[in-house]
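Structural overview for review
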Amino acid sequence: MSRVSQAVHNDVQMLEMLRDELRVQAHLMQAEIKEHFEKLEADLEHVSSRVKAAAKAGAESEQNTEAGLELTLESIKTGMKRVSDALRS
């Protein structure tokens, strides 16, 4: 095998190994994103049920939980944006 052929062969092997490593990393990243999204989804469901309960309990209860709900909703929005950004990249 000529030096050029050997060099090309080595480059191809290196790129195949890199591809395999990146494939594993991409798979792990997707699993991590999915896990993060599922947590955000559960948080959103919790907030939604709290809002419904507060509405049933009346205005006073709604005011008491409003600040906490706003913080939680902001956290969920930020998390959803991160998931969306990660899926786009």
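Here the structure is a predicted model, which is why all the values come from computation and not from measurement.

Parameters and conventions
Residue positions are given per chain, counted from 1 along the sequence in the order it is written. Given that this is a predicted model, residues contribute local features only at a pLDDT of at least 70 and side-chain atom pairs are listed and counted only at 80 or more, while totals for whole chains, interfaces and linings are drawn from all residues. Side-chain descriptors were evaluated using all non-hydrogen atoms of the structure, hydrogens and water having been removed beforehand. Strands are runs of DSSP state E lasting at least two residues, helices are runs of H or I lasting at least four, and both sets are numbered from the N terminus onward. Summary of the burial criterion: residues with accessible area below 20% of their type's maximum are buried, those above 50% are exposed, and those between are partly exposed, where the area comes from a 1.4 Å probe applied to protein chains only. Contact criterion: two residues are considered in contact whenever any of their non-hydrogen atoms come within 4.5 Å of each other. Expected helix span is computed as 1.5 Å times (number of residues minus one). Nonpolar side chains (Val, Leu, Ile, Met, Phe, Trp, Tyr) are joined into patches within 5 Å and like charges within 9 Å, using only residues with over 30% relative accessible area and no salt bridge. Where accessible areas are quoted, they stem from the Shrake-Rupley method and a 1.4 Å probe; at the residue level, only the protein chains shown are allowed to cover. Basic side-chain nitrogens of Lys or Arg form a salt bridge, by our definition, when they fall within 4 Å of a carboxyl oxygen of Asp or Glu. Counting rule applied: Lys, Arg positive; Asp, Glu negative; His and chain ends not counted. For the purpose of locating charges, the reference atoms are NZ of Lys, CZ of Arg, CG of Asp and CD of Glu.

1. Quick look at the environment of Ile76
In this structure, Ile76 sits in helix 2 (residues 59-88). When its relative accessible area of 5% is taken as the criterion, Ile76 is described as buried. Residues Ile76 and Asp43, 33 residues apart in the sequence, show an inter-C-alpha distance of 7.2 Å. Discounting chain neighbours no more than four positions away, the residues touching Ile76 are Leu40, Asp43, Leu44 and Val47.

2. Regarding helix 1 (residues 3-57)
With 55 residues, helix 1 ought to run about 81 Å at 1.5 Å a step, and its terminal C-alpha atoms sit 80 Å apart, in line with that. Residues Ile33, Leu40, Val47 and Ala54 constitute the buried set of helix 1. Gly58 sits one or two residues past helix 1 and shows a positive phi near 115°.

3. A closer look at a negative patch on the surface
Residues Glu32, Glu35, Glu38, Glu41 and Glu45 make up a contiguous surface patch of negative charge. Relative to the helices and strands, Glu41 is located in helix 1. The exposure class assigned to Glu41 is partly exposed, which follows from its relative accessible area of 43%.

4. Describing the pattern of salt bridges
Following the criterion strictly, the structure yields 5 salt bridges and no others. The salt bridge partner of Arg19 is Asp20, with a shortest N-O separation of 3.0 Å. Relative accessible area serves as the criterion here: at 42%, Arg19 is assigned to the partly exposed category. Residue Asp20 is classed as partly exposed on the basis of its relative accessible area of 34%. Here the salt bridges share partners, and the residues they tie into one network are Arg19, Asp20 and Arg23.

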